[in-house]
Amino acid sequence: MTEKTAARPATRRGPYAKSAQRRAEIVASATAVFAARGYRGGSLREIAKQLDLSLTSVVHHFPSKSELLVAVLENADSASIDSFESDSQGKGVVYAVLRYVRRNLERQEMLRLLALMAAEASAPDHPAHEWFRDRYERVVTAFTTAVRRDQDLGRISNRRHPELIAAALVAMWDGLQLQWLIDPRRDLMAAVSAGLEDLLGAPAVG
């Protein structure tokens, strides 16, 4: 009886592990399809075909394309705010931004997907419209907190309202990142560093 009890968890974990792996594979395939064709241009059938699965198998894990899109976006954006908040608390907003930009240099496909989906999601009827609206609200809120903290600690000299600085900082970051995605020959780190120094009034040392 003890042996059966010990063996049972492994038996039960198997299907769950396989299901999680399949979901991860579908999300990875959808990421590539949506990055290449956009949300409206990509299809569940194409995603299924890439994985040599039936459409039914894909729908079993993600009943709708909009649900799959949200999973793709969450995967692309995972842990970014938590990481930024931790870094900015310890060493300031400049350090936190540059550290995150440096990490982004290694995930160009994910950034391209987010940029493409953000443009499409500007339409109010897009399935990801609410997700991106909430994301920008979270990001600006996190940046506002970090800027206010740095102002109080004397890390930056710009004394404008923290929320105005935060919104401008996010816009600068998005714009420079998009330019880099279009032309990777641009030095993204140098451009962001200069922008931070001009906007915050602090040496951009990351």
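Per an unreviewed UniProt entry, the protein carries the name AcrR family transcriptional regulator and comes from Streptomyces violarus.

**Student:** Just to check I follow, could you spell out the overall build of the protein for this structure?
**Tutor:** For the protein, the count of helices and strands is ten helices and zero strands. The order of α-helices and β-strands along the protein, N terminus first, is α-α-α-α-α-α-α-α-α-α. The long-range fraction of contacts in the protein, counting pairs at least 24 apart against all pairs at least 6 apart in sequence, stands at 65%. Total accessible area on the protein stands at roughly 11,600 Å², and carbon and sulfur atoms take up 53% of it.

**Student:** It is not clear to me how the packing of aromatic side chains should be interpreted in this structure. Could you clarify?
**Tutor:** The relation between two aromatic rings is expressed through the spacing of the ring centres and the mutual angle of the planes. The final tally for this structure, using the stated rule, is five aromatic pairs. With a centroid separation of 5.4 Å and an interplanar angle of 75 degrees, the aromatic rings of Tyr100 and Trp173 are classed as edge-to-face. With a gap of 73 residues between them, Tyr100 in helix 6 (residues 93-104) and Trp173 in helix 9 (residues 162-182) connect regions that are remote in the sequence. Its relative accessible area of 8% is what places Trp173 among the buried residues. Chaining the aromatic ring pairs together yields one cluster made of Phe84, Tyr100, Phe143 and Trp173.

**Student:** Help me understand helix 7 (residues 108-120), please; the structure alone is not making it clear to me.
**Tutor:** Since the α-helix advances by 3.6 residues per turn, residues separated by three or four positions end up pointing in the same direction. Here helix 7 contains 13 residues, and its C-alpha end-to-end distance of 18 Å stays within 8% of the 18 Å for a straight helix at 1.5 Å per residue. Along helix 7, the residues that are buried comprise Leu111, Leu113, Leu114 and Met117. Buried residues of helix 7, seen end-on, are gathered within an arc of 155 degrees and therefore sit on one face of the element.

Scoring rules and cut-offs
Residues numbered from 1 in each chain as written. Predicted model: local features only at pLDDT ≥ 70, side-chain atom pairs only at ≥ 80, totals over all residues. Heavy atoms only, no water. Helix = DSSP H or I, 4+ residues; strand = E, 2+ residues; numbered from the N terminus. Contact = heavy atoms within 4.5 Å. Areas by Shrake-Rupley, 256 points an atom, 1.4 Å probe, with all protein chains shown as cover. Phe/Tyr/Trp six-rings, centres within 6.5 Å; stacked < 30°, edge-to-face > 60°. Buried < 20%, exposed > 50% of the residue type's maximum accessible area, 1.4 Å probe, protein only. Expected span 1.5 Å × (residues − 1). Arc of directions from axis to C-beta.

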